[in-house]
Structure formats: C-alpha cells, structure tokens
Amino acid sequence: MQDHAMSTQMWQVNPGVVTWDQLRINRTFALAASQQYNTTHDGVLASTINAVTFTSFQKTAENETVYQNMLTTLDQWINSTTLTSLQKKQYDIQKRWMNEGSVPGMEIVMIPSGGLTRTRPANETSYITVAAVLQHPFSRGSVHINSSDPLVLPAVDPKYLTSPFDTAALVQGVQFVNRLLATEPLASLITTRIDPATNFTTAAHFEGYVRASLQSIKHPVGTCAMAPKELGGVVDSSLKVWGTANVRVVDASIMPHHVAAHTQSTVYAIGDKAAAIILSGSRTGNTNGAGAIGFSVVVQTVLSMAVVLGLVSGLF
C-alpha cells in the first residue's frame with residue numbers, strides 16, 4: 001500500500017484579505033455568496049482549491065548538500081531493509097525518476113481557509129493553509145483480511161514515514177512552504193504563522209511537527225499491483241487476478257506506483273480501459289470475458305491511462 005501523506009501549516013492573513021473564512025465570520029458576505037450561487041451558480045461557493053503545484057524533491061530541499069544527504073540516507077535504508085522482489089523493482093524505478101528529475105516528488109496545495117490544522121480558527125480572523133504532500137513515498141503499508149466475517153473491517157497499516165527518506169523529504173517540503181510564504185507577493189499578506197508556532201525554526205522542530213500533524217490526503221493505491229506474478233503482482237495486464245479465470249480488480253489498488261497527481265482521473269481511465277477489455281472479450285466469445293460484470297465510464301482520460309501504462313512498463 002502506498003499513500004500520499006501530507007503535513008499542513010496555517011498562517012493568519014492581514015485584515016482585508018478575503019478568504020473562505022469570510023463565509024464563517026461574515027454573515028452578510030455569506031448571505032450574498034449564497035444568493036449569487038443560487039442565481040448564477042458562480043462566486044465563492046462555486047470555487048474550489050486551485051492553487052496547486054508539483055515539484056521535485058531536489059527543488060524543495062534547502063540546498064544540494066541536504067538533498068545528497070537525503071539520497072545517501074535512502075540508499076543506506078534500502079540496503080539495510082528486507083525488500084520483496086516487487087519493492088526492489090519499484091525502488092529502482094523511483095530512484096531513476098529522481099536521478100532524471102522527470103517526475104515530481106512533492107505537491108504544494110494552498111487552501112484559502114483555516115480550520116485544517118490543530119488550532120481552532122479565531123473569530124473575525126482569516127487564514128490560509130498550505131500543505132506539503134509526499135507524492136512518491138518509499139514507505140509501504142499493508143491491507144489484510146482480519147476475519148472470515150465480510151462485515152469486519154480489514155487490518156490497515158499505512159506505515160507512513162517508515163522510510164527515513166520520506167520523513168526528510170516531507171520536512172524539506174514543509175520548510176520549503178515556509179520559504180514560499182516569506183516571499184513576495186505572499187509575504188505582504190501574512191500577519192503571522194499559527195501552526196506550527198513561530199518558535200519552530202529548525203529541521204528538528206519541523207520533523208516533530210510533521211510527525212504530530214501527519215495526515216493522509218486519501219489517495220491509497222497499490223494493494224493489488226499490476227505486475228508479473230513472479231514479482232508478487234496481483235493482477236495481469238488485463239486486470240485479471242493471477243491464477244484465476246475471470247476475477248478482475250478495477251480500482252486504484254492495481255497501480256504499481258503512485259502518481260504525482262490526484263487519483264480521480266487516473267481511476268476513471270482504469271475503469272474505461274477495463275470496460276473496453278471486458279466488452280472486447282464478450283464480443284469475441286472469449287470465456288475470460290463471459291459473464292463479467294459490465295459497466296461504462298463516461299469520462300475518458302487518455303493522458304491518465306498513458307500514465308498507468310508508463311508506471312507498469314518498467315515492471316514487465
């Protein structure tokens with residue numbers, strides 16, 4: 001199991017800076033926003049989080065020395081850890097991406113509101129929250145059946161930050177966000193940082209904060225990875241579970257690597273591809289397709305399917 005872990009920080013903004021907090025603290029503003037949405041279906045109530053960027057681990061690191069130390073720590077951890085055959089292959093690919101600088105490792109998300117960290121927003125006060133989100137973790141969790149009773153929840157252990165590289169990368173991401181907020185034009189909008197407290201200044205401080213504030217952005221993938229059977233893969237390239245005649249898995253769990261993106265469009269593409277595979281088998285009379293559950297997905301995301309195929313190509 002792989003997931004996008006994140007750490008969020010919150011800053012108080014200067015009076016007059018309009019954020020979503022106005023919906024909470026300004027009744028007149030909230031009423032006008034509601035009337036606008038009901039009339040024209042636009043305005044603040046139709047807005048969404050759209051200040052998002054993706055960048056590399058190298059660029060979020062404080063300097064090149066810090067980044068090289070992170071890589072050394074990663075190699076030492078990999079060499080001292082018992083890995084599955086699939087993990088070895090996955091890590092080789094992830095390290096190649098890092099060396100090439102071709103795949104983002106960190107997402108920065110800015111939310112025009114408070115209330116997403118430990119500190120409760122104050123009345124008559126507005127905030128912005130910025131999250132650093134790890135895109136390609138080396139930590140691996142697990143999901144296992146916990147009972148023969150299908151109503152009993154599975155045992156889920158995401159094992160966030162078990163790789164020291166993940167911890168270091170997220171700490172660097174959080175510190176990068178602080179440098180970002182101290183840069184114009186954002187700096188002139190800020191009154192003070194609320195979470196963490198302003199006396200958090202060192203890497204050790206921020207590591208403690210990352211561990212205390214860690215959240216999931218809720219993009220778990222990879223528990224039924226598409227990969228060769230001999231590597232420990234669960235499904236083949238037609239999405240069938242290895243060793244079965246017609247059992248398919250069609251969701252984010254088949255992704256052998258995480259993506260530097262939110263997963264919705266990629267999952268749409270997986271569903272679209274699965275529908276085409278199943279329908280093709282039914283039309284040709286292939287017994288592997290007979291009796292399969294049919295469904296259609298309206299949204300076709302060619303780019304996202306290309307991403308999935310790219311993730312798989314290095315494994316087969």
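Criteria and cut-off values
- Sequence order sets the numbering: in each chain, residues are counted from 1 along the sequence as written.
- Where local features are concerned, this predicted model is filtered to residues with pLDDT of at least 70; where side-chain atom pairs are given and counted, the filter is 80 or more; whole-chain, interface and lining totals use all residues.
- The side-chain quantities take in all heavy atoms of the structure and omit both hydrogens and water.
- Helix numbers and strand numbers start at the N terminus; a helix is a DSSP run of H or I with at least 4 residues, a strand a run of E with at least 2.
- By the convention used here, residues are in contact when the closest approach between their heavy atoms is within 4.5 Å.
- A 1.4 Å probe and the Shrake-Rupley method give the accessible areas. Residues count as covered only by the protein chains that appear here.
- Buried residues of nine kinds, namely Ala, Val, Leu, Ile, Met, Phe, Trp, Tyr and Cys, make up a nonpolar core once their side-chain atoms join them within 4.5 Å.
- Buried, partly exposed and exposed residues are distinguished by accessible area as a fraction of the type maximum, computed with a 1.4 Å probe on protein chains only: under 20%, between the cut-offs, and over 50%, respectively.
- Within this document, salt bridges are pairs made up of a side-chain nitrogen of Lys or Arg and a carboxyl oxygen of Asp or Glu, the two lying within 4 Å of each other.
- Lines fitted to C-alpha atoms define the axes, with helix axes restricted to the stretch in contact, and inter-axis angles between N-to-C directions lie between 0 and 180 degrees.
- Here the angle decides the label: under 35 degrees means roughly parallel, over 145 means roughly antiparallel, 65 to 115 means roughly perpendicular, and every other value means oblique.
- Following the grouping adopted for this structure description, the nonpolar residues are Ala, Val, Leu, Ile, Met, Phe, Trp, Tyr, Cys and Pro, the charged ones are Asp, Glu, Lys and Arg, and the polar ones are all others, Gly among them.
- Per-residue confidence from the predictor is given as pLDDT, running between 0 and 100.
- Here is the rule: rings of Phe, Tyr and Trp (six-membered ring for Trp) pair when centre to centre is within 6.5 Å. Planes less than 30 degrees apart are stacked, more than 60 are edge-to-face, and the remainder are tilted.
- What qualifies as a polar contact is a pair of N or O atoms within 3.5 Å, subject to a donor-acceptor requirement within protein and to the restriction that residues adjacent in sequence count only when both atoms come from side chains.
- What a helix is expected to span follows from its residue count: subtract one and scale by 1.5 Å.
- Within this analysis, the arc is defined by the directions that extend from the helix axis to the C-beta atoms.

Trainee: What is the right way to look at the overall build of the chain in this model?
Mentor: Counting its secondary structure elements, the chain contains nine helices and eight strands. Considering only intrachain contacts with a sequence separation of at least 6, the fraction spanning at least 24 residues in the chain is 74%. When the accessible area of the chain is evaluated, it comes to approximately 16,300 Å², of which 56% is carbon and sulfur surface.

Trainee: Can you walk me through the nonpolar core in this structure?
Mentor: The tendency in soluble globular proteins is for nonpolar side chains to be buried as a group. Among the nonpolar cores identified, the biggest contains 32 residues, and Phe57, Met98, Met106, Phe138, Phe165 and Leu181 are the most heavily contacted of them. The set of elements that each furnish at least two residues to this core consists of β1 (5-13), α4 (64-80), α5 (85-100), β3 (106-111), β4 (127-134), α6 (164-181) and α7 (203-213). Those residues in contact with phenylalanine 165 that sit more than four places away from it in its chain are Phe57, Met70, Leu71, Leu74, Met98 and Phe138. Val221, Met226, Val241 and Met255 belong to the second largest nonpolar core, which has 13 residues in total.

Trainee: Looking at this model, I keep getting lost on the pattern of salt bridges. Mind explaining?
Mentor: Pairing between side chains of opposite charge can happen when the charged atoms of each approach one another. For the coordinates displayed, the defined rule picks out four salt bridges. Close ionic contact of aspartate 75 with lysine 95 constitutes a salt bridge, the shortest N to O distance being 2.7 Å. With aspartate 75 in helix α4 and lysine 95 in helix α5, the pair connects residues that are 20 residues apart, well separated along the chain. For aspartate 75, a relative accessible area of 31% gives the class partly exposed.

Trainee: What's the story with unusual backbone geometry in this structure? I'm lost.
Mentor: Phi is mostly negative for residues that are not glycine, and the peptide bonds are mostly trans. Following glutamate 184, the chain continues to proline 185 via a peptide bond in cis, the omega torsion being 10°. Between aspartate 195 and proline 196 the backbone carries a cis peptide bond, its omega angle lying at -5°. One can find proline 196 in the loop between β7 (190-195) and α7. Look at leucine 161: it is not a glycine, yet its phi comes out positive at around 60°.

Trainee: Would you mind going over the packing of α4 against α5 with me for this structure?
Mentor: The axes of two packed helices give the description: the angle between them and the distance between them. Running from N to C, α4 and α5 point in directions that differ by 170°, and their axes come no closer than 13 Å. Between α4 and α5, the angle is such that the two are roughly antiparallel. Residues Tyr67, Leu71, Leu74, Asp75, Trp77 and Ile78 of α4 lie in contact with α5, whose contacting residues are Tyr91, Lys95 and Met98. Each residue belonging to the contact of α4 with α5 can be placed in one class, and the counts come to seven nonpolar, no polar and two charged.

Trainee: Please explain the confidence of the model for the chain as it appears in this structure.
Mentor: Interpretation of this model should avoid reading the predicted coordinates in detail wherever pLDDT is low. When the pLDDT values of the chain are averaged, the result is 89; 89% of them are 70 or greater. For residues 284-307, every residue scores under 50 in pLDDT, and the model assigns this stretch 36 contacts once sequence neighbours within four places are set aside.

Trainee: Teacher, can you tell me more about the packing of aromatic side chains here?
Mentor: Two descriptors summarise a pair of aromatic rings, namely the distance from one centre to the other and the angle between the planes of the rings. Under the definition given, this model contains five aromatic pairs. Taken together, a centroid distance of 6.0 Å and an interplanar angle of 45° make the contact between tryptophan 77 and tyrosine 91 tilted. On the criterion of sequence distance, the pair formed by tryptophan 77 in helix α4 and tyrosine 91 in helix α5 is long-range, its members being 14 residues apart. In this structure tyrosine 91 comes out as buried when scored by relative accessible area, which is 2%. The interplanar angle of 55° and the centroid separation of 5.2 Å between the aromatic rings of tyrosine 91 and phenylalanine 138 together place this pair among those described as tilted. Placement of tyrosine 91 in helix α5 and of phenylalanine 138 in the loop between β4 and β5 (142-144) is noted, with a sequence separation of 47 residues between them. The residues tyrosine 91 and phenylalanine 138 share a single accessibility class, namely buried. What links up through ring pairs into an aromatic cluster is the set Phe57, Trp77, Tyr91, Phe138 and Phe165.

Trainee: It is not clear to me how the environment of threonine 244 should be interpreted in this structure. Could you clarify?
Mentor: Mapped onto the secondary structure, threonine 244 falls in the loop between β8 (215-216) and α8 (264-284). Among the polar contacts made by the side chain of threonine 244, one reaches the main-chain carbonyl oxygen of valine 241 at a distance of 2.8 Å.

Trainee: I tried to follow α4 on my own but got confused; where do I start?
Mentor: In an α-helix, one turn spans 3.6 residues, which is why side chains three or four residues apart end up on the same side. An ideal rise of 1.5 Å per residue puts 24 Å on 17 residues; α4 measures up with 24 Å between its terminal C-alpha atoms. Burial in α4 covers these residues: Tyr67, Met70, Leu71, Leu74, Trp77 and Ile78. Down the axis of α4, the smallest arc covering the buried residues is 125°, so these residues share one side. Of the exposed residues in α4, those oriented more than 90 degrees away from the buried face are Thr65, Gln76, Asn79 and Ser80.

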